[in-house]
Amino acid sequence: MNDPTREHCASLDREDPLAALRERFALPEGLVYLDGNSLGARPRSAAARAAQVVAEEWGEGLIRSWNDAGWFGLPQRLGDRLAPLVGAGPGELLVTDTTSVNLFKVLAAALRVQAAREPARRVIVSEASNFPTDLYIAQGLADLLQRGHELRLVDSPRQLPDALGADTAVLLLTHVNYRSGEMHDMRALSALAHERGALAVWDLAHSAGAVPVDLRGDGADYAVGCTYKYLNGGPGAPAFLWVAPALREAFWQPLSGWWGHAEPFAMESGYRPAGGVDRFLCGTQAITSLALVECGLEVFEQTDIAALRAKSLRLGDLFIALVEARCGHHPVRLVTPREHARRGSQVCFSHPEGYAVMQALIERGVIGDFRAPDIMRFGFAPLYNRFTDAWDAVEALREVLDSGAWRDARFQRRGTVT
Ligand SMILES: *Cc1c(COP(=O)(O)O)cnc(C)c1O
């Protein structure tokens, strides 16, 4: 593609079969929002749903709403609606707790499964470039167990075959890397883990709702992920958790709270795990926040993940071509793989002054984000991002770079959340 014009991008928007879905979101006028991989946009229906939960279900229904408004069953009901997006079946997935907490639960369960099969397997293998919370949780769990458990990190996926040994219990990977946007081959790496006797735990934080995922078909054993990124569940919305049916009842998990008990209201003094995936629940859920996850999931039911993926790749291709054509005389370098099979739904470029450049872009109404040391991230959420968003973002980037506007002192100051 040779330096397309804005008019060409506008014609792509007019022909886009998904264009109407943007109307399902409340996005501020004039803003180019390319950070849906960090916090998804607000579904319009979320405001009314929040009012309903607070005013009617809580205000009027009070405690009756646990049953009458279906609060008890929300983790399972939302799990069933999310399941088709990640290749899971009904009754296999829960929306609950945070990604960090869910990861603790599934890693602990996976280690127990392995302890029963082959006690010598005590190592969790992951990548040094994995999202920090995943590594911290794995370290925390290994420290807690104190039976020779450890976390082993590789610097490149090419080192995985050597790192997975007779001592390895779990391969823990994030499907799409949060910083680079690079996507792993879930099927090949799950198969590699199994070949070496390990279980495969996948973090889908940057995958769910953005790229096709086939947990069952690709041989995953456990998975976790966020709902507040591409799934548009709202800030801090509860996360999800999936366990392969064959492993589900092998063990319970150590956060054995009463919601995961076989009969929570029997109020027994001893723990008996619930059947199925319900044993992966812990305690009382954040219902107000949980209820809003449904507003995001409803929008996905208007389309399918193949159509979303096709649009996401076209947006990414267009953005890459435009940056290279219009900003290529500056030190911007593509970090995300160009190949579709290895790319998630975000496109990252490095620039030595990436932090300041991004702050200048944000001031111009183009919201992406920055990840140290030098990466500018641009997330493309195919439900609501337009081809003209890609054009407008690159035009702002060209202007910031050509003018040197990023050199202003106010763009150099670092805040706590970037
Ligand atoms: C965003 C993200 C998380 C976030 O975990 P929280 O518990 O919701 O803070 C975890 N893992 C990965 C890979 C992420 O990208």
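The written sequence of each chain sets the order in which its residues are numbered from 1. Reporting in this predicted model follows two pLDDT cut-offs: at least 70 for local features of residues, and 80 or more for side-chain atom pairs to be given and counted; totals over whole chains, interfaces and linings ignore these cut-offs and use all residues. Note that water and hydrogens are dropped before the side-chain values are worked out from all heavy atoms of the structure.

**A word on the packing of helix H10 (residues 305-327) against helix H12 (residues 387-403)**
For any two helices packed against each other, the geometry comes down to the angle between their axes and how far apart the axes lie. Stated formally: For helices, the fitted line uses only the C-alpha atoms of the stretch in contact; every axis is such a line through C-alpha atoms, and the angle between N-to-C directions lies from 0 to 180 degrees. Counting from the N terminus, the helices are the DSSP runs of H or I reaching at least four residues and the strands are the DSSP runs of E reaching at least two. When describing relative orientation, an angle under 35 degrees is termed roughly parallel and one over 145 degrees roughly antiparallel, while 65 to 115 degrees is termed roughly perpendicular and anything else oblique. Each helix crossing is assigned a hand: it is left-handed if the near helix lies turned anticlockwise from the far helix by less than a right angle, otherwise right-handed if that turn is clockwise. Here, residues are in contact when the closest pair of their heavy atoms is within 4.5 Å. Ten residue types, Ala, Val, Leu, Ile, Met, Phe, Trp, Tyr, Cys and Pro, are classed as nonpolar, four, Asp, Glu, Lys and Arg, as charged, and the remainder, Gly among them, as polar.
Interhelical geometry of H10 versus H12 gives an angle of 25° and a closest axis separation of 9 Å. One way to sum up the angle between H10 and H12 is to call them roughly parallel. Judged by the twist between their axes, the crossing of H10 over H12 is right-handed. Taking contact as the criterion, the partners of Lys311, Arg314, Leu315, Leu318, Phe319, Leu322, Val323, Arg326 and Cys327 in H10 are, on H12, Phe387, Ala390, Trp391, Ala393, Val394, Glu395, Leu397, Arg398 and Leu401. Classifying every residue of the contact of H10 with H12 gives 13 nonpolar, no polar and 5 charged.

**A word on the site of the ligand**
Just so we agree on the cut-off: Whether a residue is near a molecule or strand depends on its heavy atoms: it is near if one of them lies within 4 Å of it. Whenever a nitrogen or oxygen atom comes within 3.5 Å of another N or O atom, the pair is scored as a polar contact, on the condition that within protein one atom can donate a hydrogen and the other can accept it, and that pairs from neighbouring residues in sequence are kept only if both atoms are in side chains.
For the ligand, the set of nearby residues contains 13 residues, the closest of which are Ser100, Asp134, Asp203, Tyr228 and Lys229. Separating a nitrogen atom of the ligand from a side-chain N or O atom of Asp134 is a distance of 2.9 Å. Interatomic distance of 2.9 Å between a side-chain N/O atom of Asp203 and a nitrogen atom of the ligand. Mapped onto the shell around the ligand, the elements with two or more residues apiece are helix H5 (99-117) and helix H6 (132-145). Among the residues making up the shell around the ligand, the classes are represented as 4 nonpolar, 6 polar and 3 charged.

**What about the pattern of salt bridges?**
Where side chains of opposite charge bring their charged atoms close, a pairing between them can arise. Just so we agree on the cut-off: Salt bridge criterion: a side-chain nitrogen from Lys or Arg within 4 Å of a carboxyl oxygen from Asp or Glu. When a residue's accessible area, from a 1.4 Å probe over protein chains only, is under 20% of the maximum for its type it is buried; when over 50% it is exposed; and in between it is partly exposed.
The final tally for this structure, using the stated rule, is 30 salt bridges. Here Glu301 makes a salt bridge to Arg81, at a shortest N to O gap of 2.6 Å. Taken together, the positions of Glu301 in the loop between helix H9 (287-300) and H10 and Arg81 in helix H4 (residues 74-82) put the pair 220 residues apart, joining distant regions of the chain. Among the residues examined, Glu301 registers a relative accessible area of 43% and is labelled partly exposed.

**Regarding the pairing of strand S7 (residues 168-174)**
Basically, it comes down to this: We call two strands paired when DSSP finds no fewer than two bridges between them. The path from the first strand over the helix to the second decides the hand: if it runs clockwise while the strands point away from the viewer, the crossover is right-handed.
Of all 7 residues making up S7, 7 are buried, and the element is well covered by its neighbours. Both strand S5 (residues 123-127) and S7 contribute to a ladder of 3 bridges, which runs parallel. Note on S7: the bridge partner recorded for Ile124 is Val170. Following the backbone out of S7, through helix H8 (residues 186-195) and into the adjacent parallel strand S8 (residues 199-203), one traces a crossover that is right-handed.

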